Amino acid sequence: MQMESNLQIEKKSDKYWMWQALMLAQQAADNNEVPVGAVVVRNNEIIGRGRNQAIGACDPTAHAEIQALRDAANNINNYRLNGSTLYVTLEPCGMCAGAMIHSRIQRVVYGASEPKAGAVISQMQQFDQPYLNHQVAHAGGVCAAECSQIISHFFARRRQEKLEKRTQS
Ligand code: ZN
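Bear in mind the structure is a predicted one, so any value in this text is a computation, not a measurement.

Colleague: Go over the pairing of strand 3 (residues 85-90), please, and point to the residues and values.
Modeller: Counting buried positions along strand 3 gives five out of six residues, so the element sits mostly inside the fold. Examined bridge by bridge, strand 1 (residues 37-42) and strand 3 share four bridges and lie antiparallel to one another. Of the residues in strand 3, the one forming a bridge with Val40 is Leu86. Looking at chain direction, strand 3 and strand 4 (residues 107-112) are connected through five bridges and run parallel. Note that in strand 4 the partner of Thr85 across the bridge is Arg107. For the handedness criterion, the β-α-β arrangement of strand 3, helix 4 (residues 94-103) and strand 4 is classed as right-handed.

Colleague: Outline the packing of helix 3 (residues 64-76) against helix 4, supporting the account with residue identities and numerical values.
Modeller: Running from amino to carboxyl end, helix 3 crosses helix 4 at an angle of 20 degrees, the nearest separation of the two axes being 9 Å. When the axes of helix 3 and helix 4 are compared, the pair comes out roughly parallel. Two packed elements cross with a definite hand, and for helix 3 against helix 4 that hand is left-handed. Judged by residue contacts, Glu65, Ile66 and Leu69 of helix 3 engage Cys96, Ala99, Met100 and Ser103 from helix 4.

Colleague: Describe helix 5 (residues 144-168), listing the residues and the values that go with them.
Modeller: An α-helical turn contains 3.6 residues, so a residue and the one three or four places further along point in the same direction. With 25 residues, helix 5 ought to run about 36 Å at 1.5 Å a step, and its terminal C-alpha atoms sit 36 Å apart, in line with that. Buried residues are scarce in helix 5, accounting for two of its 25 residues.

Colleague: Explain helix 3 residue by residue, including any values.
Modeller: Counted at 1.5 Å a residue, the expected span for helix 3 with its 13 residues is 18 Å, and the 18 Å between its end C-alpha atoms agrees. Packing partners of the buried residues in helix 3 comprise helix 2 (14-30), strand 1, strand 2 (45-51), strand 3 and helix 4. At the C-terminal side of helix 3, Asn77 shows a positive phi close to 55 degrees.

Colleague: So what about the sheet that holds strand 3? Which residues, and what values?
Modeller: Read across the open sheet, the five strands follow the order 2-1-3-4-5; overall the sheet is mixed. Of all the strands in the sheet, the pair left with one neighbour each is strand 2 and strand 5 (137-139). Pairs of neighbouring strands in the sheet enclose a mean axial angle of 15 degrees, with direction left out of account. Helix 3 rests against strand 1, strand 2 and strand 3 of the sheet, and its axis sits at about 140 degrees to strand 2.

Cut-offs used in this document
Residues numbered from 1 in each chain as written. Predicted model: local features only at pLDDT ≥ 70, side-chain atom pairs only at ≥ 80, totals over all residues. Buried ≥ 20, exposed ≤ 12 C-beta atoms within 10 Å, placed from the backbone. Helix = DSSP H or I, 4+ residues; strand = E, 2+ residues; numbered from the N terminus. Pairing = 2+ DSSP bridges. Right-handed = clockwise from strand over helix to strand, strands pointing away. Axes fitted to C-alpha atoms, helices over the stretch in contact; angles between N-to-C directions. Parallel < 35°, antiparallel > 145°, perpendicular 65-115°, else oblique. Left-handed = near helix turned anticlockwise from the far one by under 90°. Contact = placed C-beta atoms within 7 Å. Expected span 1.5 Å × (residues − 1).

Structural data, given as C-alpha cells:
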C-alpha cells in the first residue's frame with residue numbers, strides 16, 4: 001500500500017506547466033522576439049515546446065503555439081493531439097486558436113489576456129462557436145502577472161534601447 005502510493009507520479013499543476021512555458025518565453029526575449037512560450041502536455045509530460053520566433057524563422061506563422069503543436073505532432077508521430085493540454089503565456093490569436101481546433105487539443109490554458117487580438121475571450125470566442133464539432137476547454141489567468149510582465153519588460157527594454165540609440169547619434 002505504502003509502496004504503491006510512493007510509486008504514483010504526482011500530477012503537476014497548471015502553474016507548474018505555465019512556468020515551463022514562461023521559460024520558453026524568456027528564450028524568445030533573449031532572441032529579441034516578443035516573449036511568448038508554449039508547451040503541449042499529455043499524461044503529465046511535455047510532448048511539445050514552442051516559442052515565438054516569427055522574425056528569426058522569417059515565418060509569420062511561427063507563433064509559440066504553432067511551434068509547440070508542430071513539435072508535439074512530430075514527437076508522437078500523430079497530427080491529432082487528443083487528450084493534450086496546451087499551455088501558453090498569452091491569450092492565443094485567431095490563427096493559433098484555429099490550429100488548436102484542427103489539432104483536436106483537449107484544453108488550452110493561457111496566462112495573460114490579450115485585449116487587442118485575443119481570440120479566446122477578448123476579441124473573439126473562437127472555441128465557443130456552435131458550428132464546431134470539436135470542443136476545446138479553455139482557462140485563462142494562470143500566472144497572469146508573470147506572463148504579462150515578461151512582455152511589458154520586453155517592450156520597455158526595446159523602447160529604452162531605441163531612445164539610447166537616438167540620443168547617441
Ligand atoms: Zn498566434
